[in-house]
Amino acid sequence: KVLPGSLFGAGAGSVAGQSPEFLSGLIVFSAVVVTYTIGGGFLAAVWTDVFQSILMAVGVLILFPLALMRAGGIEAGTMAGVAQVGEGFAWAPGAGRAFLPVSLAFSMFCMWSIAGMGQPATLVRLMAFRDTPTLRRAMFMLAIYNTLIYLPLVFTFICARAILPPLERTDEAMPTLALAVAHPLVSGLILAAPFGAVMATVSAFLVQISSALVQDIYHRWIEPHAPEARLRLLSRLAILFVALLAAGGTLVSPPYLQTIIVFTGGSAACAYLVPCIMACFWPRATARGAIAALVGGVVTVLGLYVAGLFDGTASL
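Residues numbered from 1 in each chain as written. Predicted model: local features only at pLDDT ≥ 70, side-chain atom pairs only at ≥ 80, totals over all residues. Heavy atoms only, no water.

Caption draft 1: Highlighting helix H5 (residues 132-163). Its 32 residues give H5 an end-to-end C-alpha distance of 46 Å, which sits within 8% of 46 Å, the value for a rise of 1.5 Å per residue. Of all the residues in H5, the buried ones are Thr134, Ile149, Pro152, Leu153, Thr156, Ile158, Cys159, Ala160 and Ile163. (Helix = DSSP H or I, 4+ residues; strand = E, 2+ residues; numbered from the N terminus. Expected span 1.5 Å × (residues − 1). Buried < 20%, exposed > 50% of the residue type's maximum accessible area, 1.4 Å probe, protein only.)

Caption draft 2: Representation of empty space enclosed by the protein in the model. What the rule picks out here adds up to one cavity of 30 Å³ or more. One number sums up the size of the largest cavity: a volume of about 50 Å³. Lining the largest cavity, in full, are Phe42, Ala45, Val46, Asp49, Ala121, Val124, Arg125 and Ala204. For the lining of the largest cavity, the elements supplying multiple residues, two or more each, are helix H1 (20-71) and helix H4 (120-126). With four residues, the top contributor of residues to the lining of the largest cavity is H1. Here the residues of the lining of the largest cavity are counted per class, giving six nonpolar, no polar and two charged. (1 Å grid on protein atoms, 1.4 Å probe; cavity = no way out; pocket = protein on both sides within 12 Å on 5 of 7 lines; lining within 4 Å. Points joined across faces, edges and corners; volume = space filled by probe spheres on them. Nonpolar A, V, L, I, M, F, W, Y, C, P; charged D, E, K, R; others polar.)

Caption draft 3: Expanded view of the nonpolar core. Ranked by internal contacts, the top residues of the largest apolar core, which has 14 residues, are Leu63, Ala67, Ile163, Leu164, Leu177, Val181 and Ile190. For this core, the elements supplying multiple residues, two or more each, are H1, H5, helix H6 (173-181) and helix H7 (184-222). Ranked by the residues each element gives to this core, the list is headed by H6, at four residues. Setting aside chain neighbours within four positions, we find Val181 in contact with Leu63, Leu66, Ala67, Arg70 and Ile163. (Core = buried A, V, L, I, M, F, W, Y, C linked by side-chain atoms within 4.5 Å. Contact = heavy atoms within 4.5 Å.)

Caption draft 4: Representation of the pattern of salt bridges in the model. Applying the stated criterion across every chain, the model contains two salt bridges. Asp131 serves as the salt-bridge partner of Arg130, at 3.8 Å between the closest nitrogen and oxygen. What makes Arg130 exposed here is its relative accessible area of 70%. With a shortest N-O distance of 2.5 Å, Glu223 and Arg230 are connected by a salt bridge. Judged by relative accessible area, Arg230 falls into the partly exposed class, the value being 36%. (Salt bridge = Lys/Arg side-chain N within 4 Å of Asp/Glu carboxyl O.)

Caption draft 5: Main features of helix H10 (residues 287-311). Between its first and last C-alpha, H10 extends 36 Å over 25 residues, near the 36 Å set by a 1.5 Å rise per residue. Within H10 the residues assigned to the buried category are Ala293, Gly297, Val301 and Gly308. Looking at the buried side of H10, the elements it contacts are helix H9 (257-281).

Caption draft 6: Layout of the packing of H5 against H6. Interhelical geometry of H5 versus H6 gives an angle of 65° and a closest axis separation of 11 Å. Classified by the interaxial angle, the pair formed by H5 and H6 is roughly perpendicular. The chirality of how H5 crosses H6 is left-handed. Across the interface between the two elements, Thr156, Phe157, Ala160 and Ile163 of H5 pack against Ala173, Met174, Leu177, Ala180 and Val181 of H6. Residue classes in the contact of H5 with H6 are distributed as eight nonpolar, one polar and no charged. (Axes fitted to C-alpha atoms, helices over the stretch in contact; angles between N-to-C directions. Parallel < 35°, antiparallel > 145°, perpendicular 65-115°, else oblique. Left-handed = near helix turned anticlockwise from the far one by under 90°.)

Caption draft 7: Quick look at the packing of H1 against H5. With their axes 8 Å apart at the nearest point, H1 and H5 run at an angle of 35° to one another. H5 is crossed by H1, and the crossing has left-handed handedness. Packed against H1, whose contacting residues are Ser53, Met56, Ala57, Val60, Leu61, Leu63, Phe64, Ala67, Leu68, Arg70 and Ala71, the element H5 presents Tyr145, Leu148, Ile149, Pro152, Leu153, Phe155, Thr156, Cys159, Ala162 and Ile163 at the interface. Taken together, the residues of the contact of H1 with H5 break down into 18 nonpolar, two polar and one charged.

Below, the structure written as structure tokens:
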């Protein structure tokens, strides 16, 4: 049985501070993602997105009523959160405590909900739509899907305050909660949901990065007349190489990993969103204009980070 508070227990013979169980899971996870991505390419990434999205919805809808019953309801979970954190847990941000400025909250909203459309992995999916009616149906279905999973998740983790002791690492909340409220077999199904979401994201990035390396760099600038068979081989090798780098980074992930994720996510969104909008809606858009928008977005993000370092509002 897995110890509460951690999905993978510590053990002897660890590598880079990781337990043998973690290493086994990482190897299996990497092998599965690399295999279906190499075998099916972008189409495989799309179909695994669909399947794993369904799996995620099933996992969330199973976990929600179990957590609700164990906590004794939303009110009990809320009161437990107030007892642990303070009244700010139940009221609007800023209730008797310092909170992030409104400007930062607004910028985060713009970055994740609007500029997120400029993420390369998202753009690859958007460009795969057959026609505009298909895109519109997908937007309608996605709105329903997000409501179906995110509202129960909010209530689930409110209830978690009444079920779990305070956690040192909040990213352990979902596996710990699943193991606490459900049978191990049901917990396995629930935990397949977040792993499925991770697999879908990883496969999309593997396809995107390998395509950039092989098509945009090698095929365009090094060997424009390379045969198709060689390009396929190089794409598969690129997927394997990038996957090995990512797995290696997982073993020695730095404590400031979330900062890197926010920085790269914001930078990519600021770089690609405007060129994408220009290409779709502005007939006078040119390649030079797109490049200027790319550079302008990157320079803006870097400039704001540097300014934050000097005035003390940001840190490396």
